[in-house]
Amino acid sequence: MTVSAKDFAIALLGLICGLIFFGQDLRIGLRIRIFDIGLIAVGAVFAWHALTRGVARQTAPFVIAFSAFVLYMTCNALLQGTIGTAAKELAQMTLFGVFFLALAQFLDDRSSLATFLAVMLVTLWALALHNAAHHVSAGSFAGWKTLGDQKLTHSVIVLIMAVVTISPLRPRRWWWIALLVAAIVMLFLSGERKGWVAAALAVFMALVISDQGGIGRRAVRRTLGVALSAAGLIAIASILAPFVPYLEKQLFSSMDFVTLLLSDDAGLGAGTTTESNRNRLAMIEIAIQQIRENPIFGIGPEAFRSDAMARGFLPIPAGDIATGPHNEILRIGAELGFAGLTLYLFAHGVVLLRTLVLIEAMPRLDAAERLRVRLGFAFLVYGFIVNLFLAGGGLNTFFVMLPAAIVFSVRLPDPSPAKAPWPLAPRPLS
């Protein structure tokens, strides 16, 4: 059995999509992610494929939108930062552009989708189990966050497996459901609240998509069943919270953050909440101040921390100020201004519009294409929510490019025949 270049590329794409959560960089004069190294190999395969067979035309709308954002960011860095910062940003975004083009090009049939998801899930499970084992061996049976980005693997696994489960392509074996239940339990124990919310809403959005296009009755019934089950679990957790310190901390910390965020005296009341909440609230205040003072073009890429320290915005210790305000929308607004934020959101809008068009065309798509539409939409929702709580980094861009690539891997089907002037007898879908 021979392995084609495409098979190698799609398997490598699945591998690096899992390893991007590993969070360990290689230092060889500069910091390079394992994701980047694998992507260079994929890029070589894609370059040959593009030269011999061309590039999928359906990717053009997102390529244009993303290129406009990258061009603006590079020019902003040149004018407000340094040549080094501009070169770094351009190199990183170019690699992510290659990632988008390669995944959208190679993820074009049922076999490639199965390979991609299998490799990605195996990699994610390896990291999730390593994350759990690391904390349990240290005596921590909940709140598995010390390994950084690996904490998100639990929610991504639940997202993928839940969306695949509602597809006719799901593995019809008992172990699949057992793994899904185990993944949900591990997600709960991870203590990653943004993962809980993002995965729940992403799966909900995937559930309501009907195979007949739009939102169907069966999809609504299925979604209501899942929602009622989730509501029951939340109610049980709330009742048990006073007796389980871990649950009580998570619930009250979340309520504190929301209350303080909406309060006019957030800065004054922050002293009564957790250190994590205090830091987040302080950095949100810093970003808002930066946006007010530089609303159009921002303060320049990667300038959040240095600008905060130079201006004396230190409501928290200087060493605790992150590279961004734990909110990608605020970070881009502060560093690139409303001009950059508009281009960033426009790229999201292009992906969303493509998704909505594909949802309307669901009756004319095959099972693998429908699964890709649901996965792409779910990852778009998941990524946007996580980026509202995640500090600046490669994962922020990954959560934009992954759903874009999955959605744009699906070609628009040929237009349906014009409707007859008189109703015709319904025909079964083939």
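For the structure itself, look to the data block above.
Residues numbered from 1 in each chain as written. Predicted model: local features only at pLDDT ≥ 70, side-chain atom pairs only at ≥ 80, totals over all residues. Heavy atoms only, no water.

Caption draft 1: How the structure looks around the packing of aromatic side chains. Counted according to the given criterion, the structure contains 17 aromatic pairs. Between Phe46 and Phe106, the ring centres sit 6.3 Å apart and the planes meet at 80°, which makes this aromatic pair edge-to-face. Taken together, the positions of Phe46 in helix α2 (residues 34–53) and Phe106 in helix α4 (residues 83–106) put the pair 60 residues apart, joining distant regions of the chain. The exposure class assigned to Phe46 is buried, which follows from its relative accessible area of 8%. Pairing Phe69 with Tyr344 gives two aromatic rings, centres 5.8 Å apart and planes at 55°, and the pair type is tilted. With a gap of 275 residues between them, Phe69 in helix α3 (residues 60–80) and Tyr344 in helix α14 (residues 328–360) connect regions that are remote in the sequence. For Phe69, a relative accessible area of 6% corresponds to the buried category. Grouping aromatic residues by their ring pairs yields a cluster made of Phe21, Phe35, Phe96, Phe99, Phe379, Tyr382, Phe398 and Phe399. (Phe/Tyr/Trp six-rings, centres within 6.5 Å; stacked < 30°, edge-to-face > 60°. Helix = DSSP H or I, 4+ residues; strand = E, 2+ residues; numbered from the N terminus. Buried < 20%, exposed > 50% of the residue type's maximum accessible area, 1.4 Å probe, protein only.)

Caption draft 2: Seen up close, the pattern of salt bridges. Counted under the stated rule, the structure contains 7 salt bridges. Between Glu192 and Lys194 there is a salt bridge, with the nearest N and O atoms lying 2.3 Å from each other. Of the charged contacts, one joins Arg331 and Glu328 as a salt bridge, the two residues approaching to 2.8 Å between their closest N and O atoms. A residue pair is termed a helical-turn pair when its members lie 3 or 4 positions apart in one helix, as Arg331 and Glu328 do in helix α14 at 3 residues. For the pair Arg331 and Glu328, one class covers both residues: buried. One salt-bridge network, held together by shared partners, links Lys6, Asp108 and Asp109. (Salt bridge = Lys/Arg side-chain N within 4 Å of Asp/Glu carboxyl O.)

Caption draft 3: Spatial organisation of a nonpolar patch on the surface. A cluster of nonpolar side chains, contributed by Leu78, Leu79 and Ile83, occupies part of the molecular surface with about 380 Å² of accessible area. Residue classification places Ile83 among the exposed positions, given a relative accessible area of 67%. (Patch = residues over 30% accessible without salt bridge, like charges linked within 9 Å, V, L, I, M, F, W, Y side chains within 5 Å. Areas by Shrake-Rupley, 256 points an atom, 1.4 Å probe, with all protein chains shown as cover.)

Caption draft 4: Seen up close, the packing of helix α1 (residues 5–19) against α4. Two elements in contact, α1 and α4, have axes whose closest approach is 10 Å; the angle formed by their N-to-C orientations is 125°. The angle between the axes of α1 and α4 places the two elements in the oblique class. Both α1 and α4 take part in a crossing whose hand is left-handed. In contact with Lys6, Ala9, Ile10, Leu13 and Cys17 of α1, α4 contributes Phe99, Ala102, Leu103 and Phe106. (Axes fitted to C-alpha atoms, helices over the stretch in contact; angles between N-to-C directions. Parallel < 35°, antiparallel > 145°, perpendicular 65-115°, else oblique. Left-handed = near helix turned anticlockwise from the far one by under 90°. Contact = heavy atoms within 4.5 Å.)

Caption draft 5: A look at the nonpolar core. With 96 residues, the main nonpolar core has Leu13, Phe62 and Phe398 as its most contacted residues. Ile286, Ile291, Phe304 and Leu330 belong to the second largest nonpolar core, which has 9 residues in total. (Core = buried A, V, L, I, M, F, W, Y, C linked by side-chain atoms within 4.5 Å.)

Caption draft 6: Region of interest: the packing of helix α6 (residues 153–165) against helix α7 (residues 174–190). Contact geometry for α6 and α7: axes closest at 9 Å, N-to-C directions at 150°. With respect to their mutual orientation, α6 and α7 come out roughly antiparallel. Viewed along their axes, α6 and α7 form a crossing whose handedness is left-handed. Across the interface between the two elements, His154, Ser155, Ile157, Val158, Met161, Ala162, Val164 and Thr165 of α6 pack against Trp176, Ile177, Leu179, Leu180, Ala183, Ile184, Met186, Leu187 and Ser190 of α7. Looking at the contact of α6 with α7 residue by residue, the class counts come to 13 nonpolar, 4 polar and no charged. (Nonpolar A, V, L, I, M, F, W, Y, C, P; charged D, E, K, R; others polar.)

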